[in-house]
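Here's the letter readout for the chains.
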Amino acid sequence: MKNKIVLGTASFVNNYSIYKKKITLKAKEKILNLMIKKKILFADTALRYGKSYEIFKKKKFNKFNVITKISGFKNINDVERQIKLFLNRTNTKRIYSVLFHNTKDLENKRGELYYSQLKNLKKKYKISKIGFSVNNFESLNKLIEKYRPEIIQTPFSILDRRILSKKYQKLI
């Protein structure tokens, strides 16, 4: 397992943090510049996070490996539509990783179609890795064997270290 530090950008536009303060553009740039200096070049964003991704339009920040999330499909074409929308809004030509944001999209009867569609779009849109984000390990247990993702996002903190258990180390 590779260890990566990834900047979550949900709080760039939402009152997502415990501080409930809006982060200024200057502060966002300061954070990203520090990350570049420390060679931490991974950032997580999503269209659902409002315009948190827009800072990556700036040329000096295009070296980041951006992970984005897609969700809420009405039909199979929405998978590609959301990828195109993200690329257009960030003015970039590649995405490090695309994750399914909501596991319900994969657990429903069309889940295999959505995952297959994303796999088919990997080369076309220069996506390095595909996978999913989970909020609970019950979903992870159900989905990991079925889809064999290249990347997953799970809860992890000082208090919640379940992903490091032997059970999951064998799977990832």
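Before reading on, note that the structure itself is shown above.
Conventions used here
Residues numbered from 1 in each chain as written. Predicted model: local features only at pLDDT ≥ 70, side-chain atom pairs only at ≥ 80, totals over all residues. Heavy atoms only, no water. Helix = DSSP H or I, 4+ residues; strand = E, 2+ residues; numbered from the N terminus. Rg over C-alpha atoms; globule rule 2.2 N^0.38 Å. Buried < 20%, exposed > 50% of the residue type's maximum accessible area, 1.4 Å probe, protein only. Contact = heavy atoms within 4.5 Å. Areas by Shrake-Rupley, 256 points an atom, 1.4 Å probe, with all protein chains shown as cover. Lys, Arg positive; Asp, Glu negative; His and termini not counted. Charge placed at Lys NZ, Arg CZ, Asp CG, Glu CD. Pairing = 2+ DSSP bridges.

A. Structural view of the overall build of the protein chain. The helix and strand tally for the protein chain stands at 6 helices and 6 strands. For the protein chain, the N- to C-terminal ordering of α and β elements is β-α-β-β-α-β-α-α-β-α-β-α. Since a compact globule built from 172 residues should have a radius of gyration of about 16 Å, the 16 Å found for the protein chain is in line with a globular shape. A principal-axis box enclosing the C-alpha atoms of the protein chain has dimensions of 45 × 40 × 30 Å. When burial is assessed residue by residue, the protein chain has 44% of its 172 residues classed as buried. For the protein chain, restricting intrachain contacts to residue pairs at least 6 apart in sequence, the fraction spanning at least 24 positions comes to 62%. Looking at the protein chain as shown, the accessible area adds up to about 10800 Å², and 51% of this sits on carbon and sulfur atoms. Of the charged side chains in the protein chain, 42 are positive and 12 negative, and the gap between their average positions amounts to 9 Å.

B. Seen up close, the pairing of strand β2 (residues 42–46). The buried fraction of β2 is high, at 5 of 5 residues. Residues of β2 alternate between two faces, with Phe 42, Asp 44 and Ala 46 on one and Ala 43 and Thr 45 on the opposite face, all of them buried. As defined by bridge partners, strand β1 (residues 7–8) adjoins β2 across 2 bridges and the pair is classed as parallel. Considered in β2, the bridge of Gly 8 is made with Asp 44.

C. Quick peek at unusual backbone geometry. Positive phi values are uncommon outside glycine, yet Lys 39 reaches one of about 60°. Within the secondary structure, Lys 39 sits in the loop between α1 (25–37) and β2. Taking the relative accessible area as the measure of exposure, Lys 39 reaches 69% and is therefore exposed. With phi around 55°, Asn 91 is a residue other than glycine that occupies positive phi space. Turning to its location among the elements, Asn 91 is positioned in the loop between α2 (77–90) and β4 (95–100). You can call Asn 91 exposed: its relative accessible area is 64%.

Function-wise, these values are silent; they only describe arrangement.
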